[in-house]
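# Chains, contacts and geometry: an overview
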Amino acid sequence: MAIKKYAFVVKSLPYKIESSRLAMTHAISSQTVEIYLEDGENVEPVICFIGDGVLNCVKGHQAMKHYGVTSLEQHIKNALLLDLKVLICKEDVDKFGLSEASLIMDAEDIGGETKAQVVPYSEIQQALDSADHLLFN
Amino acid sequence: MAIKKYAFVVKSLPYKIESSRLAMTHAISSQTVEIYLEDGENVEPVICFIGDGVLNCVKGHQAMKHYGVTSLEQHIKNALLLDLKVLICKEDVDKFGLSEASLIMDAEDIGGETKAQVVPYSEIQQALDSADHLLFN
Amino acid sequence: MSKLTIGCFSSLVGSMSLDFAVKLSKAAVEKGHSVDMWVSGNATMLSKKGQRAFKDYSALAKPLEELFATGKFQATACEACAEARGYHKDDTMAGFKRHSMDWYLASCFSADKVLHIGGD
Amino acid sequence: MSKLTIGCFSSLVGSMSLDFAVKLSKAAVEKGHSVDMWVSGNATMLSKKGQRAFKDYSALAKPLEELFATGKFQATACEACAEARGYHKDDTMAGFKRHSMDWYLASCFSADKVLHIGGD
Amino acid sequence: MKLGVFMSDYRSGSDVIERLQAEKLGIILVGNGVYHAAAKENGGASSVLSKQATFYVLVEDLESRGFTAANIDSRVKVVNYGDVVDLIFNDYEKIIWI
Amino acid sequence: MKLGVFMSDYRSGSDVIERLQAEKLGIILVGNGVYHAAAKENGGASSVLSKQATFYVLVEDLESRGFTAANIDSRVKVVNYGDVVDLIFNDYEKIIWI
């Protein structure tokens, strides 16, 4: 059984450009990739928010209300609902003075069980080390 | 006779985005605007390079050779050929350690007589003060 | 009532600057002002007909149609910028005009205020 | 010989990143490698048929056709990203495919190297 | 001049703001510019807010990013698109977007 | 890991470079990233060049902007698109674009 690990790294602010949104939608598309692969092959994405990218994870986006577009919050929750691994860099969270209470840490409201994890950068570096491909956005 | 002054301000690096190129092509299009205006009305553009924008003015662009696209150098020379006023911020030129010899200061090779001017920011600020509309790129 | 000319150079969907320009136009028209919108560079994407609305992408075709219907709003795309991207006359949304860049400078001439949203 | 998958999210003309991706593809193919190119977001502009070449705009349609002709290069556009921008099946350049985003992840699976050029 | 500046980004544009001179200066935070009002980096407010100016933030762009009027810097006034139209036509002679 | 980094900008990405760890690190300056090799700001070279890494600059992007191999920082090696292909396939396990 061959599993390839992809690390999606989000380093950009949300909305102004489409970058962080595309990282999320491409990571989530891993759910349907098997149709292109052989039996036993699969893809395992991990999504890492670093630098300014951690601001994507602030709770309470009202992008649908104001602009009629899916919020980054919704994308992050969709990823958690599908049990994708979501890592948020602790050093950057601390730099912006954010608490876990202010971050999108779970998708309980839509029935998700997996939680996002605020981790030291060293753990994100490990995820990069063990990934087969790195996709920075 | 009504003349409206437009200050085009280029603050971005060349090529990566289209911003400085569009500033130049729009400024140059002032040459044909009279067709839309009444007799005696006209538009007078001034082009100001500030901040990172001054790096557009480094001589010797080979964008046509490598990418088949008109260089910013050519656009600046076209503007000078048409006698548009081109101001380059001295403080930023100094910050990057550039000499006038390394900058696109004239369009003599294509028959232009007007020269670009390296001026203190205060003169650029004056151009902004006296302009009717400000177009930052 | 006054006239606002908005020049926009940023891409559709990929940048929210066009969303800003369209919403600002709507607010201005609702207050009785008229708006000229110029799209150049990647912003010429706004003039492409047949944009489909999905919830993962900001969709501006409908608000634009509503703006055209007010009679207080016109929008023009840079013809060369559009052609370079493969948007020809028959690719253009109803109501959208196409001109060379001097149209924008002329629109600014008669505008009370100009908001020039540079590229990104 | 090896396979390179390039994912590109940056706009045509307005960003030179697509020029980079196309030139890198050419260099890779000339060295005997194969290249899969995935365009998503604003990079789906690359798939629009009928792009006209002007000297003030970087023009990629012709080099792309030459790449297709080598048989060592394929390019696929994100279908939803394209539709949102009004690029339908019959707007698509000959040789370009359209798929959902999972196509890209599958291409990366079998690639020796992946260069993912994020949006801007 | 009376100058209204739309500041649309968080990581660029500060150098332009710094050098701009105007008798009356208004800075309207839009797009990712709203982080100048909402984010505190290393415990401090954005240096942009120390400019002598009147500050506004567009509520639609603030709320889209998960912030509300309750958690922004006290120097910044919350406005909506309608207010921005009035600022453009009534308060400033010239406007720029950076 | 052996990591090749395409650095495509001058004003962003340095924070990512700073934190990246790799046994072997190559930084390939492309697009406006070439200014890290060619520009001297306030008399000094770009701080990116102080990273422990092997540096390359794409000659096509360098020359498009008016610079030549003669006026870049001595730590940076000039490469063309063909060389970049070889770097990707022969020198680095993983590559990223920032």
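Definitions and limits used
- Residues numbered from 1 in each chain as written.
- Chains lettered and ligands numbered in written order.
- Predicted model: local features only at pLDDT ≥ 70, side-chain atom pairs only at ≥ 80, totals over all residues.
- Heavy atoms only, no water.
- Helix = DSSP H or I, 4+ residues; strand = E, 2+ residues; numbered from the N terminus.
- Rg over C-alpha atoms; globule rule 2.2 N^0.38 Å.
- Buried < 20%, exposed > 50% of the residue type's maximum accessible area, 1.4 Å probe, protein only.
- Contact = heavy atoms within 4.5 Å.
- Areas by Shrake-Rupley, 256 points an atom, 1.4 Å probe, with all protein chains shown as cover.
- Arc of directions from axis to C-beta.
- Pairing = 2+ DSSP bridges.
- Axes fitted to C-alpha atoms, helices over the stretch in contact; angles between N-to-C directions.
- Buried area = accessible area lost by both parts, 1.4 Å probe.
- Salt bridge = Lys/Arg side-chain N within 4 Å of Asp/Glu carboxyl O.
- Least-squares fit on C-alpha atoms with pLDDT ≥ 70 in both.
- Parallel < 35°, antiparallel > 145°, perpendicular 65-115°, else oblique.
- Nonpolar A, V, L, I, M, F, W, Y, C, P; charged D, E, K, R; others polar.
- pLDDT = per-residue confidence, 0-100.
- Polar contact = N/O pair within 3.5 Å; in protein donor to acceptor, adjacent residues only side chain to side chain.
- Disulfide = S-S within 2.5 Å.
- Patch = residues over 30% accessible without salt bridge, like charges linked within 9 Å, V, L, I, M, F, W, Y side chains within 5 Å.

On to the overall build of chain A, then. For chain A, the helix and strand inventory stands at five helices and five strands. Its helices and strands in sequence order give chain A the pattern β-α-β-α-α-β-α-β-α-β, from N to C terminus. The C-alpha atoms of chain A give 15 Å as radius of gyration, which agrees with the globular expectation for 137 residues (14 Å, within 12%). Dimensions along the principal axes, computed over C-alpha positions, put chain A at roughly 45 × 35 × 30 Å.

Once that is clear, we can look at the overall build of chain E. When you go through chain E residue by residue, the secondary structure sums to four helices and five strands. Reading chain E from its N end, one meets helices and strands in the order β-α-β-α-β-α-β-α-β. Taken over the C-alpha trace, chain E has a radius of gyration of 12 Å; the compact-globule value for 98 residues is 13 Å, and the two agree within 12%. Taken across its 98 residues, chain E has 64% of its residues classed as buried. The long-range fraction of contacts in chain E, counting pairs at least 24 apart against all pairs at least 6 apart in sequence, stands at 59%. Element-wise, carbon and sulfur atoms account for 43% of the exposed surface of chain E, whose accessible area totals about 3,500 Å².

Glancing now at helix H2 (residues 61-70) of chain D. Residues and elements named next belong to chain D. If you check which residues of H2 are buried, you get Ala 61, Leu 64, Leu 67 and Phe 68. Within H2, the buried residues cover an arc of 120 degrees as seen down the axis, which keeps them to one side. In H2, the exposed positions that point more than 90 degrees away from the buried face belong to Lys 62 and Ala 69. Lining the buried residues of H2 we find helix H1 (17-30) and strand S3 (73-78). Two residues or fewer past H2, Gly 71 is found with a positive phi of approximately 75 degrees.

What follows deals with the sheet that holds strand S5 (residues 94-97) of chain E. Residue and element names in this part refer to chain E. Across the sheet, five strands lie side by side as S4-S3-S2-S1-S5; this open sheet has parallel pairing. Single-partner strands in this sheet number two, and they are strand S4 (76-79) and S5. Within this sheet the neighbouring strands show an average axis-to-axis angle of 25 degrees, counted without direction. As defined by bridge partners, strand S1 (residues 2-7) adjoins S5 across four bridges and the pair is classed as parallel. Along S5, the bridge assignment pairs Gly 4 with Ile 95.

A few words now on the interface of chain F and chain D. With 15 residues of chain F in contact, the opposing surface of chain D contributes 19 residues. Both sides together, the interface formed by chain F and chain D hides about 1,400 Å², and carbon and sulfur atoms give 77% of it. Among the residues chain F hides against chain D, the three largest losses belong to Tyr 81, Phe 89 and Trp 97 of chain F. Together they make up 53% of the total. Scanning the region where chain F abuts chain D turns up one salt bridge.

Along the chain, Gly 82 of chain E falls in helix H4 (residues 81-91). When its relative accessible area of 17% is taken as the criterion, Gly 82 of chain E is described as buried. Here Gly 82 of chain E is in contact with Ala 27 and Lys 31 of chain C, once residues within four sequence places are set aside.

Residue and element names in this part refer to chain B. The five strands lie next to each other as S4-S3-S2-S1-S5, forming an open sheet whose pairing is parallel. Bordering the open sheet on either side are strand S4 (117-119) and strand S5 (133-136), each of which pairs with just one other strand. Averaged over all neighbouring strand pairs, the angle between strand axes comes to 25 degrees, with direction disregarded. Helix H5 (residues 121-130) rests against strand S1 (3-10), strand S2 (42-49), strand S3 (85-89), S4 and S5 of the sheet, and its axis sits at about 135 degrees to S3.

Overlay of chain D on chain C (RMSD 0.0 Å): rotation 180 degrees, translation along the axis 0.0 Å. Expressed as a symmetry operation, the mapping of one chain copy onto the other fits a two-fold axis. In this assembly the copies share their binding face: 100% of the residues contributing to the interface of chain D also contribute to that of chain C.

Another point: the packing of H1 of chain D against helix H4 (residues 81-91) of chain F. Contact geometry for H1 of chain D and H4 of chain F: axes closest at 9 Å, N-to-C directions at 75 degrees. Taken together, the axis directions place H1 of chain D and H4 of chain F in an arrangement best described as roughly perpendicular. Residue-level contacts link Asp 19, Phe 20, Lys 23, Leu 24, Ala 27 and Ala 28 of chain D of H1 of chain D to Tyr 81, Gly 82, Val 84, Val 85 and Ile 88 of chain F of H4 of chain F. Counted by class, the contact of H1 of chain D with H4 of chain F contains eight nonpolar, one polar and two charged residues.

Attention now moves to the arrangement of the chains. Across the 11 pairs of chains that are in contact, the largest number of contacts falls between chains C and D. These two, chain D and chain E, are apart from each other, with no contact and a minimum C-alpha gap of 13 Å. One finds no contact linking chain E with chain F; the least C-alpha distance across the pair is 8 Å.

Take the confidence of the model for chain E next. Chain-level statistics for chain E give a pLDDT mean of 97 and a share of 100% at 70 or above. Predicted as a complex, the structure gets a pTM of 0.97 and an ipTM equal to 0.97.

Moving on: the interface of chain D and chain C. The interface is formed by 24 residues belonging to chain D together with 24 residues belonging to chain C. Both faces considered, chain D and chain C share a buried interface measuring about 1,800 Å² in area, 56% of it formed by carbon and sulfur atoms. Of all residues in chain D, Tyr 57, Ala 84 and Arg 85 of chain D bury the most surface against chain C, accounting for 28% of the area lost on that side. The interface formed by chain D and chain C holds four salt bridges in total. For Glu 83 of chain D, the salt bridge goes to Arg 52 of chain C, with nearest N and O atoms at 3.4 Å. Linking chain D with chain C are 11 residue pairs in polar contact (both at pLDDT 80 or more). For the side of chain D that touches chain C, the residue count by class is 11 nonpolar, seven polar and six charged.

Before going further, it helps to examine the state of the cysteines. All names here are of chain A. For the coordinates displayed, the defined rule picks out zero disulfides over all chains. Free of any disulfide, Cys 89 has its nearest neighbouring cysteine sulfur in Cys 48, separated by 9.5 Å. The class for Cys 89 is buried, based on a relative accessible area of 0%.

This part is about the pattern of salt bridges. The tally for this structure, following the rule as stated, stands at 44 salt bridges over all chains. Across the pair Arg 98 of chain C and Glu 83 of chain C runs a salt bridge, and its minimum N-O distance is 2.7 Å. Pair noted here: Arg 98 of chain C is in strand S4 (residues 96-99) and Glu 83 of chain C is in helix H3 (residues 79-84), with a separation of 15 residues, a long-range link. Here the salt bridges share partners, and the residues they tie into one network are Asp 52 and Lys 95 of chain A together with Arg 11 and Glu 41 of chain E.

Moving on: a nonpolar patch on the surface. Residues Leu 81, Leu 82 and Ile 110 of chain A make up a contiguous nonpolar surface patch of about 200 Å² in total accessible area. Relative to the assigned elements, Ile 110 of chain A resides in the loop between helix H4 (90-95) and strand S4 (117-119).

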